[in-house]
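# Breakdown of the fold
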Amino acid sequence: MKDGVKTKDHTTLSSGLPVKITGIVFWGMVLVGLLIAVIVLEGRESELGMRNANETKLLARELTVHIEEDFLATSQPKNVHDSLQRVIDSLRPGLHFEAVELRIGNDVLVFGDTHPEQKSIAQKLLIHGGPIGAWDAPMQIRVLFPNQKKEIIDYRKKILISIGLLVVAFGLILQQILHRMLSKPFFSMVSAAESFANGNAVSRFDETRVDEFGFLAKFINRALDAIERQQTELREALTRATRSEAALFGEKERAEVTLQYIADAVITTNLATEVQYLNPVAERLTGWRNDAAHGMPLERVINIVHDDTGEAMCNPVQECLENNSVEMLHAHAALLRGDGMLIAIEASAAPMRNDRGEVIGAVMVCQDVSHARKLAHQLSHQASHDSLTGLVNRREFERKLDAALDSAKHEDKPHVLLYLDLDQFKVVNDTCGHVAGDQLLSQLGALLGHKVRNSDTLARLGGDEFGVLLEGCGIERGELIAETLRQMISDFRFVWEDKIFQVGVSIGLVAIDASSENSVAVMSAADAACYVAKDEGRNRIQVFQGESMGAARYGEMQWVARIHKAIDENRLLLYRQNIAAVTANTSVSHAEILLRMQDESGAIIPPMAFIPAAERYNVMVMVDRWVVKNTFEWLVANPLSCSNHLQSLSINLSGQSLGDKNFLQYVVDEFVRTGVAAERVCFEITETAAIANMGRAKDFIAVIKKRGCSFALDDFGSGMSSYSYLKNLDVDYLKIDGAFVKDMAQDPVDFAMVESINRIGHVMGIQTIAEFVEDDIVLGKLREIGVDFAQGYGIHKPEPLITPVTPVGFASMVF
């Protein structure tokens, strides 16, 4: 047995094949011989019949001739029998008949022996010349021949024996020929083939033969060579495949491990969007097990809806397969699970392809972004709402105002804007501190929120200012609502500890219609109307009436354009006010930079005329940039070697500049551009500005101090939270609020405040500067408690920076 198949002995095959072939040929020849024998025998039978007929005709003719010659003239012939016997005997040699019967009328003459098995042929005799003698009866001859059957049987035996001998002889000869020409080369090829099949790769067929076997051997050998090459290539391919399979298995294991522990939910589908796989995260996210979800329509497993409206949304897998592209899920998509849980998700879907690039399905990757979306909503809310009151902030209010202006222009819808500024709010702040003020604002915000319609927008615009946008409201209705709000605030009593406060509100009202310009103009108009309400006695409502508004407020709005023009025409002026040492005697000089404006006629305009407008209309960043640029250039132009001995200058920065994200980079760029020595620059920031922009203030101080600048915290002590914030600000000087300094000689509370601030500053390693020092008495008090520096009209009156002069009074303390 070999490979489950029983193989025969080559000898058996060698002897059997020629025998089989010979047998086939033998029986073929036998069949052919039999056919030939049948044909020959049939021909022989026909031949015998024809011969007998011819012999009958011959006998009839000879007998006719004899009778006509010998017996025609005799009416009574004698010895007819004998005479005819002689004639028949003379014809017998060479012929095959056995007897002849001659019938004349009713008489029959028999010549020869007759027996029943004989076959006869009869023929009439036609006698010419009349009857024979007196016989006028018709004459007929019947020739009797031997039985043909026996003759044919004998002939058949001879034929069959001859054919048999011939076939046997031919078969033996053919067997030998086939053995030499067919069997031997055939089994030689079989042997070679078996050898090759048994693993002998070099086994080949005999190509030396010049017959068909040799021709066939060449082709088979080429095929065997090709098979051997293919086997070699197959073995190499199998080796590569084995290695690839091992590598693929490893990749599969890594992929499965990755999918098991990846933080994203992964779902794969086929072209019919039927689920094929869920990783563990997808199982937890959807609430489906992988085996239960397999084959299910994706829409049953992943039901995507809008997280706000709950409306069904298109699954990105379907779009991915239709468009043959990567598709992202809508930003407000959420997964609605079977248990009713709604999970905010982000997802994308991409086509999956096979090695031929054909799309075979899709893979969908989902992330649970519930926390991130909640945080985003919170951040969005914080970006558009005031953190103290929870009301809409100024930026969001202005956005809604722009939308209202658009509807007024294009849909002719009327609206009203209310600008609310609290009266006596500073009393609460100054009396009870910022915490109390914040609580007051929070309570008022809640009260106002209950009095406005759902369609209205209530916002805290900043400080103690509120805005109300009354959409779809006419001016008369707006005045009624404004009066309701004013009366509610007027009736409100704020309680803090043991104190009760009554506050009022001044409201500016402006109508919004198709003629309104833009949000800036509308807000300015409302602000101007509110200003007039305050100016005319507070706690009242003022409708904006254009030119009829108070000249002061209108003039303040005009200052914005004048400031821009002054900067463009370089008509801002730098002044200085020196700062003196209280306890030391030195010739080193420090000063604070002050700002003035020169009008078109050359007159000098004090800062309080235009700085409030610049602050209110967000122009201070531009002003501060001008001051920084020109101060740096002056310091570079006046080095320490000059006779003025002005060592350093302090530059005031507004809260707007601290809050501007680009201002810090501007200052750094100016340091680089001018090359000014950083140690000659001190920046002053107010306590209020620092607190309002704590993060940016700390960053600004950290960056600029690394360059060598110093910092002063201005108006320190004006807030109740000053000390707590001081620990977080890396400043070099505390400028004690002048409100405490100017009366400290007469007011023991102010004296104690100055003394406390000075002591705290020194404990923290910060030098102190007292503002508003007007006379020697105050200066003596400052020296008594150990304040480091003093500034005020009693030390030095402000003068242009360009011309340094000797300060008036206290000359020995100016540096």
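Cut-offs used in this document
- Residues numbered from 1 in each chain as written.
- Predicted model: local features only at pLDDT ≥ 70, side-chain atom pairs only at ≥ 80, totals over all residues.
- Heavy atoms only, no water.
- Helix = DSSP H or I, 4+ residues; strand = E, 2+ residues; numbered from the N terminus.
- Buried < 20%, exposed > 50% of the residue type's maximum accessible area, 1.4 Å probe, protein only.
- Contact = heavy atoms within 4.5 Å.
- Areas by Shrake-Rupley, 256 points an atom, 1.4 Å probe, with all protein chains shown as cover.
- Pairing = 2+ DSSP bridges.
- Salt bridge = Lys/Arg side-chain N within 4 Å of Asp/Glu carboxyl O.
- Core = buried A, V, L, I, M, F, W, Y, C linked by side-chain atoms within 4.5 Å.
- Axes fitted to C-alpha atoms, helices over the stretch in contact; angles between N-to-C directions.
- Polar contact = N/O pair within 3.5 Å; in protein donor to acceptor, adjacent residues only side chain to side chain.
- Expected span 1.5 Å × (residues − 1).
- Phe/Tyr/Trp six-rings, centres within 6.5 Å; stacked < 30°, edge-to-face > 60°.
- Lys NZ or Arg CZ within 6 Å of the ring centre and 35° of its normal.
- Patch = residues over 30% accessible without salt bridge, like charges linked within 9 Å, V, L, I, M, F, W, Y side chains within 5 Å.

In terms of helices and strands, the chain carries 25 helices and 28 strands. Relative to its full complement of 815 residues, the chain shows a buried share of 42%. Across the chain, contacts joining residues at least 24 apart in sequence account for 65% of those joining residues at least 6 apart. Carbon and sulfur atoms provide 55% of the accessible area of the chain, an area that totals close to 43,600 Å².

Bridge analysis of strand 15 (residues 493–496) against strand 16 (residues 499–502) gives four bridges, and the strand direction is antiparallel. By the bridge assignment, Phe494 is partnered in strand 16 with Phe501. Hairpin connection between strand 15 and strand 16: a loop of two residues separates the two successive antiparallel strands, and Glu497 in this loop has a positive phi of roughly 55°.

Now for the pattern of salt bridges. Summed over all chains, the structure comprises 28 salt bridges. Notably, a salt bridge pairs Arg373 with Asp307, separated by 3.0 Å at the nearest N-O pair. With Arg373 in helix 9 (residues 370–384) and Asp307 in the loop between strand 7 (304–306) and helix 8 (316–323), this residue pair connects regions lying 66 residues apart in the sequence. When sorted by exposure, Arg373 lands in the same class as Asp307, which is buried.

A separate point is the nonpolar core. In terms of nonpolar packing, the biggest core is built from 77 residues, with Phe671, Phe683 and Leu782 touching the most fellow members. Of all the elements, helix 17 (residues 620–637) adds the most residues to this core, at nine residues. Once you skip the residues sitting within four places of it in the chain, Phe683 turns out to touch Val628, Phe632, Ile651, Leu653, Val667, Phe671, Phe700, Ile704, Cys709, Ser710, Phe711 and Ala712. Listed in part, the 32 residues of the second largest apolar core include Phe425, Ala482, Phe492 and Val503.

So, on to the sheet that holds strand 1 (residues 99–104). Taken in spatial order, the four strands of this open sheet run 2-1-4-3, and their pairing is antiparallel. Only two strands of the sheet have a single neighbouring strand rather than two, namely strand 2 (107–112) and strand 3 (119–125). For this sheet, the mean angle separating the axes of adjacent strands, direction not counted, is 15°. Taken together, the seven bridges between strand 3 and strand 4 (residues 139–145) define a ladder with antiparallel strand orientation. Each bridged residue has a counterpart across the sheet, and for Leu125 the counterpart in strand 4 is Met139. The sheet strands contacting helix 2 (residues 80–91) are strand 1 and strand 2, and the helix crosses strand 2 at an angle near 40°.

Excluding glycine, residues mostly have negative phi values, and the peptide bonds linking residues are mostly trans. The phi torsion at Asn324 lies on the positive side, around 55°, for a residue other than glycine. Examined against the element boundaries, Asn324 turns out to sit in the loop between helix 8 and strand 8 (327–328). Here Asn324 falls in the partly exposed class, since its relative accessible area comes to 40%. Non-glycine residue Asp412 carries a positive phi angle of around 55°.

Let us look at the side chain of Thr56. As for its placement among the helices and strands, Thr56 is situated in helix 1 (residues 10–71). Judged by its relative accessible area of 0%, Thr56 is buried. There is a polar contact of 2.8 Å between the side chain of Thr56 and the backbone oxygen of Asn52. Setting aside anything within four residues of it in sequence, one finds Thr56 in contact with Ile121, Gln123, Val143 and Phe145.

Take helix 17 next. Here helix 17 is 18 residues long and its end C-alpha atoms lie 26 Å apart, about the 26 Å a rise of 1.5 Å per residue gives. Of all the positions in helix 17, only Met620, Val621, Val623, Asp624, Trp626, Val627, Val628, Asn630, Thr631, Phe632, Trp634 and Leu635 are classed as buried.

Let us now look at the packing of aromatic side chains. For the coordinates displayed, the defined rule picks out ten aromatic pairs. Judged by centre distance (6.1 Å) and plane angle (20°), the ring pair of Phe663 and Phe700 falls under stacked. Of the two residues, Phe663 is situated in helix 19 (residues 663–674) and Phe700 in helix 21 (residues 694–706); the sequence distance between them amounts to 37 residues. With respect to burial, Phe663 and Phe700 carry one shared label: buried. Here the aromatic rings of Phe700 and Phe711 are separated by 5.9 Å at their centres, their planes lie at 90°, and the arrangement is edge-to-face. Of this pair, Phe700 sits in helix 21 while Phe711 sits in strand 24 (residues 710–716), placing them eleven residues apart in sequence. Of the two residues examined, Phe700 and Phe711, each falls in the buried class. It is Arg625 that lies over the ring of Tyr666; its NZ or CZ is 4.6 Å from the centre.

On the surface, Ile173, Ile177 and Met181 cluster together into a nonpolar patch covering about 300 Å² of accessible area. Mapped onto the elements of the fold, Ile177 is located in helix 3 (residues 148–197). Classification of Ile177 by relative accessible area gives partly exposed; the value is 39%.

This next bit is on the sheet that holds strand 13 (residues 457–462). In space, the five strands of this open sheet follow the order 13-14-12-17-18, with mixed pairing throughout. Edge positions in the sheet fall to strand 13 and strand 18 (541–543), since each has one partner strand and no second. Geometrically, the sheet is characterised by an average inter-axis angle of 20° between neighbouring strands, direction not taken into account. Relative to strand 17 (residues 504–512), strand 12 (residues 415–423) runs antiparallel, the two being bridged by nine bridges. By the bridge assignment for strand 17, Leu420 is matched with Ile507. Against the sheet, helix 12 (residues 434–451) makes contact with strand 12, strand 13 and strand 14 (465–471), and its axis sits at roughly 155° relative to strand 13, the strand it touches most. Each of strand 12, strand 13, strand 17 and strand 18 touches helix 14 (residues 519–535); the most contacted strand, strand 17, lies at about 145° to it.

Moving on, we come to the environment of His96. The residue His96 is located in the loop between helix 2 and strand 1 in this model. Accessibility expressed as a relative area gives 37% for His96, which makes it partly exposed. As a C-alpha pair, His96 and Leu48 span 48 residues in sequence and 9.8 Å in three-dimensional space. What His96 contacts, discounting residues up to four positions off in sequence, is Arg51, Glu55, Phe145 and Pro146. Only 3.4 Å separates the side chain of His96 from the side chain of Arg51, close enough to count as a polar contact. Here the side chain of His96 touches Glu55 through a polar contact of 2.7 Å, side chain to side chain.

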